[in-house]
Amino acid sequence: MFKGTIVFINYCNYMKYKSFLSITDLSSRELWNLFDTASKLKKEIKKTGKNKEYLKNKVLAMIFEKPSLRTKVSFAIGMNQLGGHALYLGPTDICMGKRESVHDVAKVTSSMADIIMARTFLHETILELAKYSSKPVINGLSDLQHPCQILADFLTILEVKKKIVGIKIAYLGDSENNVAHSLALASGILGTHFITASPKGYWMNKVITKSAMTLAKKQGGSIQEVIDPNVAVQNADVVYTDTWVSMGDEAEKEKRLHVFQKYQVTELLMKKANKDAIFMHDLPAYRGNEVETKVIDGLQSVVFQQAENRLHVQKALMLYLLKINL
Ligand code: NVA
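Residues numbered from 1 in each chain as written. Predicted model: local features only at pLDDT ≥ 70, side-chain atom pairs only at ≥ 80, totals over all residues. Heavy atoms only, no water.

## Examining the sheet that holds strand β1 (residues 59-64)
Taking strand neighbours across the sheet as the criterion, the four strands line up as β2-β1-β3-β4 in an open arrangement whose pairing is parallel. Each edge of the open sheet carries a strand with a single partner, namely β2 (85-89) and β4 (137-139). Strand-to-strand twist in this sheet, taken as the mean axis angle between neighbours without regard to direction, amounts to 20°. Here strand β3 (residues 115-119) pairs with β4 via three bridges, running parallel. The residue of β4 that forms the bridge with Met-117 is Ile-138. The strands that helix α5 (residues 123-132) touches are β1, β3 and β4; relative to β4, the one it contacts most, it runs at about 165°. Sitting on the sheet, helix α13 (residues 303-321) is in contact with β1, β3 and β4, with an inclination near 150° to β4. (Pairing = 2+ DSSP bridges. Helix = DSSP H or I, 4+ residues; strand = E, 2+ residues; numbered from the N terminus. Axes fitted to C-alpha atoms, helices over the stretch in contact; angles between N-to-C directions. Contact = heavy atoms within 4.5 Å.)

Have a look at this one:
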């Protein structure tokens, strides 16, 4: 749950490098180019077992304030496959903002590494890191957004549905979280119809909703928020959910498990979506809470394709931010 004030800052305007802090840091054209590069890199590694060493001698510093599986593994392996190296800095290694200021961490790390990826509690921390870093910074999840996940999600949708523009995504559960926010903004940029179903009090941050709606208007998509999950899934091509208890929300666990009960993605609910609808989840998933086991482990689920695509699309992202062409 995001509690701060939202500011969309793009530091690339006056810095040598562009950072990726919000999904809105990339235009529709840049996103499509990224999907294209990711698909090429994916094809290359599937066919030959390796990629060209585009990032030879480059180092990625990975700063984590929270736990991670997909982000850590995909960035580390991605860097390795491109001939570079990834350095892991866990929550107790640097204690950013406590043992050392974010300003100093940014200055020191960016003087040695070529690119930084950070997973932080507060979105403000990642903004500050990018402000003082002399190298590109990637948001590997903050309380406001999870843009890398959403890159992988749309690559997956493109692979499975063969299109992005005009499809309908229904997101159920906690819409006040990072994944829902980035999905809404990306839907706006890419011309997708995005609808969330959540109990009152758990709708998207109003600034995000407004920005996503403005983007959607330009691109021919739409952004909608409802309470009833049955309404949301009608004609949906994608049914998406996320954990009801995001990292940082643990103190509210009991309350949340109760409040979101009606939003579980069940087989019955999936039947109300389009026949060929797919089920998506950014993982980690809590079977029996936000999704029925039969759904996430069933034929409509693409969750592991989504997870794998983190690897391919983030490699494309790092190349783009470091201005390296295939
Ligand atoms: N909304 C979840 C995403 C986990 C990848 C969280 O912030 O914990």
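## Remarks on the pattern of salt bridges
Should their charged atoms come close, side chains of opposite charge can pair. On inspection of all chains with the given rule, the structure shows 13 salt bridges. For Lys-56, the salt bridge is made with Glu-53, and the minimal N-O distance between the two is 3.9 Å. Where Asp-276 meets Lys-161, a salt bridge forms, and the shortest distance between an N and an O atom there is 3.8 Å. Of this pair, Asp-276 sits in the loop between α11 (267-272) and β9 (278-281) while Lys-161 sits in helix α6 (residues 147-161), placing them 115 residues apart in sequence. By relative accessible area, which is 52% here, Asp-276 ends up exposed. (Salt bridge = Lys/Arg side-chain N within 4 Å of Asp/Glu carboxyl O. Buried < 20%, exposed > 50% of the residue type's maximum accessible area, 1.4 Å probe, protein only.)

## Brief notes about the site of the ligand
Taken together, Leu-141, His-146, Asn-177, Asn-178, Asp-242, Thr-243, Ser-246, Met-247, Asp-282 and Leu-283 form the complete shell of residues around the ligand. Taking Ser-246, its side chain carries an N or O atom lying 2.7 Å from a nitrogen atom of the ligand. The contact in question runs from an oxygen atom of the ligand to an N or O atom on the backbone of Met-247, over 2.8 Å. Its free accessible area being 270 Å², the ligand has 95% of it covered by the protein chains. The residue inventory of the shell around the ligand, partitioned by class, reads three nonpolar, five polar and two charged. (Near = heavy atom within 4 Å. Polar contact = N/O pair within 3.5 Å; in protein donor to acceptor, adjacent residues only side chain to side chain. Areas by Shrake-Rupley, 256 points an atom, 1.4 Å probe, with all protein chains shown as cover. Nonpolar A, V, L, I, M, F, W, Y, C, P; charged D, E, K, R; others polar.)

## Structural notes on α13
Side chains that are three or four residues apart share a direction in an α-helix, a result of its 3.6 residues per turn. Between its first and last C-alpha, α13 extends 27 Å over 19 residues, near the 27 Å set by a 1.5 Å rise per residue. Maximal helix bending in α13 amounts to about 30°, located at Asn-309. The element α13 is largely enclosed, with a buried count of 15 among its 19 residues. Positive phi appears at Lys-323, one or two residues downstream of α13, with a value of about 60°. (Expected span 1.5 Å × (residues − 1). Bend = angle between axes of the 7 residues up to and from the residue.)

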